[in-house]
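# Residue-level structure breakdown
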Protein chains: 2
Amino acid sequence: MAKDKQPQRPRAETPKGFRDYFGVEVIERKAMLDAIASVYHRYGFDPLETSAVETVAALGKFLPDVDRPNEGVFGWQDEDSDWLALRYDLTAPLARVAAQYRNDLPSPYRRYAFGPVWRNEKPGPGRFRQFYQCDADTVGAPSVAADAEICAMLADALETVGIARHDYVVRVNNRKVLNGVMEVAGVLDPSDPTRFEEARGIVLRAIDKLDRLGIEGVRALLGAGRRDASGDFTKGAGLSDSQAEVVIGFIEAKGATGAATVARLRELVAGSQIGVDGVDELETIATLLAAQGYGPDRIEIDPSVVRGLGYYTGPVFEAELTFDILDEKGRKRQFGSVAGGGRYDDLVKRFTGQSVPATGVSIGVDRLLAALRAKGQSQIASRGPIVVTVMDKERMADYMIMVGELRAAGLRAECYFGNPKSFGNQLKYADKRQSPIAVIQGADELGKGSVILKDLALGAKIAENASLEEWKSRPAQREVARVDLVAAVRDMLANG
Amino acid sequence: MAKDKQPQRPRAETPKGFRDYFGVEVIERKAMLDAIASVYHRYGFDPLETSAVETVAALGKFLPDVDRPNEGVFGWQDEDSDWLALRYDLTAPLARVAAQYRNDLPSPYRRYAFGPVWRNEKPGPGRFRQFYQCDADTVGAPSVAADAEICAMLADALETVGIARHDYVVRVNNRKVLNGVMEVAGVLDPSDPTRFEEARGIVLRAIDKLDRLGIEGVRALLGAGRRDASGDFTKGAGLSDSQAEVVIGFIEAKGATGAATVARLRELVAGSQIGVDGVDELETIATLLAAQGYGPDRIEIDPSVVRGLGYYTGPVFEAELTFDILDEKGRKRQFGSVAGGGRYDDLVKRFTGQSVPATGVSIGVDRLLAALRAKGQSQIASRGPIVVTVMDKERMADYMIMVGELRAAGLRAECYFGNPKSFGNQLKYADKRQSPIAVIQGADELGKGSVILKDLALGAKIAENASLEEWKSRPAQREVARVDLVAAVRDMLANG
């Protein structure tokens, strides 16, 4: 009974699937996003920041790239009965903005947006329910020149954040070419768009699984179907071998040069108008990019890019990092995709009834950041502040004057504000702060008009319970005149 | 009946009480926050970014500074039955983090956090349900040296974003002095802290209304009570005239110098230990700040700072802008407060049962931004990109090469990607983009190997339907050799 009277304390826990970002994690991400923003800005893109909350009606019932009802979002009913939800991506808010402000925005409208999005999904390792997206889109530009621009901008952005040329490639494909292939394969009838819909759905899902199942798995799904290792059977599209060969031919159409790829695609879609249009678009994109100096070493036509082909309506692009990294088990593996996008019709049609073409790209912020860390390209010095220790708490003003001088000189510095009684605790604190230098002035030094600078970056790990005397006897410390504090710290940092 | 078959289109609307931020609004806020972050970094503060979502249990039942149940937050029940909510400030997540990671964080822990918070309140003019906060706090530092540091950092931050010295003042007060005043006035009994609780609540609320009611209104509420213009009666604290005089004396204790103020406060709290402690703290803060060169022209002791006295437990600070601005009706008014904070006990006690002292400040991001705009201090060039117009859509590659050259030179530039048929539309677009220069190359110019640069920044408003010929005849345009494009644009920008 007495138990019940125990005050119930809340658990200090991040909600399941959410996480906190500390110090250098925040700084590194910010530096990366700032670098990307500088490129987007130079390309004429304007930032847009929408609120985290949208009406469920405006968000729409489905996530854009999966067949999933809106249970994937965090939603609640507002007091005045509107259903509200946290945005699950940055494209749905863009669609709402493009419709809401259509008379005020420039057209075409180039915008970029960075920010968190939320997914109400089962969290897993490395899978969070809040994460960053970083999008750039051009709304209202029907020409594939806009798609070419997005690809060039993506290449520039990757190089600006520190991915070297030849360590990445932007691959471009086109949904219209696939549609042409489907027409040639006999599963698309331009005069009756609903015919063969089921078979086309299976074809789309099959090629989307290329990475996972390999070409033979895709071939099985294009034909009779596929039984997986567990014995489960997935129904196939029912294509004949020769029909399936056309689709496989598309996926494998990449030649030694862009021109060879385009020629091969032209053969495959011969007789399909939409297919020819798609190949023309790919050729135009390659021509426009080559004119600006973006050759196939940076951006190439690659029909094996299948991700997103089911969602996008024209050009599709994906940026892949091509260097190897070592995984947790020391095995080499490719880093893979860090960005993707494409052209999607009818961005705002849901709202206005009018078709507005749009094309855009989304960079996977966490993945790109992980890649930069893996390459050691993350530029951020994780150096902590200079710590001025407190030898005599009655002399706090003196120590704060030292800190003030260091800060005024532009140096990162702080005074120890914990209980100063244990000098060991002050050193442990400086250690935890990754402080490069500790500044010490006890009674001796005060009498001599000096301070001691301890080079912590150089020094070995500080012993748990070092006494002031033990510690002062170590190397890598200098006693300097108090008036020379700033100059001596600068010197130690420069030579540290 | 046919009406029902009309497809129901969602309205393209921001949810009530939320807003979108476009272009320069985003850039200006980011520049301001970056500048503030640079100061906080120099002071040794580390960034912390928590997720937008917390468990309701971790957030606690009350907003920190108002007597309001958690209906003020946006909350919902998670699938596994936890109640989740959007954070309503950045302090509650800090409390959770300080408890959750107490064994890993340095102690004291200096952190700053910028980001949106959400309030489920009735929106009003200029009152949104999502807005930015910008906080810095020191957790685990019992000494008022930490409070002094926050005040100095706040002054530095204001000057760094562009508020000139003497255009602001950081005022400091102390809750303990008020407690001493209450003890002397006979409404606080140190041996029985619950006694006179109701009267003290009325006193706190009364002085919190000083700005609105003036000193006579406060005096009425300290005594028998107050009847407002509408006839509503608010019950008073029931203090006698001499008791009330002590409280009024506190509010009006500010003297010509800090020393005079401290002396007056000492008189008022004579006999109250907590009151004397509070005056000592104020004196220590002033001494530490003066030692670092922060005199009363920047940071001053001011017992008339009453905002937050009910919430904080020790020093309380507020930054006020002291220059006049003109309101919508052209009347002069003071800009007022842009930041506030103070020391609060028991930040993490809810979670761990252990007391942890903390002190911090929150800058009102929107207010400070508005102040910078009012002062014309906002540094952001709202200059749009150079717009390369499309005279011949078959020559898109040529135009994109021009844009590419400009961008490679670090200039902000874009190609017109709308329908190029109407030249007027291209000019309207450039106008909407606040473009400084339009680049034009028609067949004539191509033949001559030249381009035309139109100085839009200089030019008058572009006529709605100017023809290319009319427009070319205007002044402020130059025809330059195509090879000199970048140099000529640079020259025009520099002299524009």
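Rules behind the numbers
Residues numbered from 1 in each chain as written. Chains lettered and ligands numbered in written order. Predicted model: local features only at pLDDT ≥ 70, side-chain atom pairs only at ≥ 80, totals over all residues. Helix = DSSP H or I, 4+ residues; strand = E, 2+ residues; numbered from the N terminus. Rg over C-alpha atoms; globule rule 2.2 N^0.38 Å. Buried ≥ 20, exposed ≤ 12 C-beta atoms within 10 Å, placed from the backbone. Contact = placed C-beta atoms within 7 Å. Nonpolar A, V, L, I, M, F, W, Y, C, P; charged D, E, K, R; others polar. Pairing = 2+ DSSP bridges. Axes fitted to C-alpha atoms, helices over the stretch in contact; angles between N-to-C directions. Least-squares fit on C-alpha atoms with pLDDT ≥ 70 in both. Parallel < 35°, antiparallel > 145°, perpendicular 65-115°, else oblique. Left-handed = near helix turned anticlockwise from the far one by under 90°. Domains from an automatic or database assignment. Expected span 1.5 Å × (residues − 1).

The subject of this paragraph is the overall build of chain A. Each helix and strand in chain A was counted, giving 18 helices and 19 strands. Its C-alpha atoms give chain A a radius of gyration of 30 Å, more than 25% over the compact-globule value 23 Å for 496 residues. Dimensions of chain A, computed from C-alpha atoms along their principal axes, come out at roughly 95 × 70 × 55 Å. Residues classed as buried in chain A amount to 45% of the 496 residues present. At a minimum sequence separation of 6, the contacts of chain A that also span at least 24 residues come to 68%.

On to the interface of chain B and chain A, then. Facing the 77 residues of chain B at the interface are 77 residues of chain A. It is helix α14 (residues 396-408) of chain B that provides the largest number of residues to the side of chain B that touches chain A, a total of six residues. For the side of chain B that touches chain A, the residue count by class is 38 nonpolar, 21 polar and 18 charged. Where strand β2 (residues 46-49) of chain A meets strand β1 (residues 21-22) of chain B, two bridges bridge the pair, whose relative direction is antiparallel. For A:Glu49, the partnering residue across the bridge sits in β1(B) and is B:Tyr21.

The next point concerns the sheet that holds strand β6 (residues 109-118) of chain A. An order of β11(A)-β8(A)-β12(A)-β13(A)-β14(A)-β7(A)-β6(A)-β2(A)-β1(B) is seen for the nine strands of this open sheet, with the pairing classed as mixed. Edge positions in the sheet fall to β11 (299-301) of chain A together with β1 of chain B, since each of these pairs with one other strand and no more. Sheet topology places β2(A) next to β6(A); two bridges connect them, and they run parallel. Each residue of the ladder has a partner; that of A:Asp46, found in β6(A), is A:Arg111. Lying on the sheet, helix α11 (residues 273-291) of chain A is in contact with β8 (168-174), β11 and β12 (315-326) of chain A; it crosses β8(A) at an angle near 150 degrees.

For these two chain copies, the linking operation is a rotation about an axis paired with a shift along it. Each copy of the sequence occupies a distinct position, and chain B is placed on chain A by a rotation of 180 degrees and an axial shift of 0.0 Å, giving an RMSD of 0.1 Å. Each copy turns onto its partner about a two-fold axis. Of every C-alpha in chain B, the one belonging to B:Trp76 sits nearest the axis of rotation, 3.0 Å from it. Take the interface residues of chain B: 100% of them recur as interface residues in chain A, which is what a same-surface contact looks like.

Here we come to the pairing of strand β12 (residues 315-326) of chain B. Residues and elements named next belong to chain B. In this structure, strand β8 (residues 168-174) lies alongside β12, joined through seven bridges in antiparallel fashion. When the bridges of β12 are listed, Tyr 168 appears paired with Leu 321. Of the pairings in the sheet, the one linking β12 to strand β13 (residues 332-344) comprises nine bridges and is antiparallel in character. Within the sheet, the bridge partner assigned to Phe 317 lies in β13 and is Gly 341. Counting the residues between successive antiparallel strands, the hairpin from β12 to β13 contains five residues, one of them, Gly 330, with a positive phi of roughly 80 degrees.

For the rest of this paragraph, the subject is helix α6 (residues 175-185) of chain B. All names here are of chain B. The buried fraction of α6 amounts to eleven of the eleven residues, a majority that puts the element mostly inside the structure. Tucked into the core, α6 has its buried residues touching β8, α7 (197-208), α9 (241-251), α10 (258-269), α11 (273-291) and β12. Looking at the residues trailing α6, positive phi occurs at Gly 186, about 85 degrees.

All names here are of chain A. Packing of helix α6 (residues 175-184) against helix α9 (residues 241-251) brings their axes to within 8 Å, and their N-to-C directions diverge by 160 degrees. Judged by the inter-axis angle, α6 sits roughly antiparallel to α9. The crossing of α6 and α9 is right-handed. Two secondary-structure elements touch here, α6 through Val 177, Leu 178, Val 181 and Val 184 and α9 through Val 246, Val 247 and Phe 250. Split into classes, the residues belonging to the contact of α6 with α9 amount to seven nonpolar, no polar and no charged.

Take unusual backbone geometry next. Residue and element names in this part refer to chain A. In this structure, the amide linkage connecting Ser 107 to the following residue, Pro 108, adopts the cis form with an omega of -5 degrees. The residue Pro 108 is located in the loop between α4 (91-100) and β6 in this model. Look at His 166: it is not a glycine, yet its phi comes out positive at around 80 degrees. With respect to the element layout, His 166 can be found in the loop between α5 (145-161) and β8. On the basis of neighbour count, His 166 is assigned to the exposed category, with 10 C-beta atoms found within 10 Å.

With that settled, the discussion passes to the domain arrangement of chain A. When the parts come together, some accessible area is lost, and that loss is often what is quoted as the size of the interface. On domain assignment, one finds that chain A holds domain 1 (140-344) and domain 2 (386-495). Computed from C-alpha atoms alone, the centre-to-centre distance between domain 1 of chain A and domain 2 of chain A is 59 Å.

What follows covers the sheet that holds β13(B). One open sheet holds the nine strands; their spatial order is β1(A)-β2(B)-β6(B)-β7(B)-β14(B)-β13(B)-β12(B)-β8(B)-β11(B), and the pairing between them is mixed. This sheet does not close on itself; its edge strands, each paired only once, are β1 (21-22) of chain A together with β11 (299-301) of chain B.

Over its twelve residues, α7(B) extends 16 Å from the first C-alpha to the last, a length consistent with the 16 Å expected when each residue adds 1.5 Å. Buried residues along α7(B) sit against α6, α8 (210-222) and α9 of chain B.

The next thing to look at is the packing of helix α2 (residues 23-42) of chain A against helix α13 (residues 365-374) of chain A. All names here are of chain A. Their axes nearest at 11 Å, the elements α2 and α13 cross at an angle of 105 degrees. Considering the angle they form, α2 stands roughly perpendicular to α13. Between α2 and α13, the contacting residues are Glu 28, Arg 29 and Met 32 on the first element and Val 365, Leu 368, Leu 369 and Leu 372 on the second. The residue makeup of the contact of α2 with α13, split by class, is five nonpolar, no polar and two charged.

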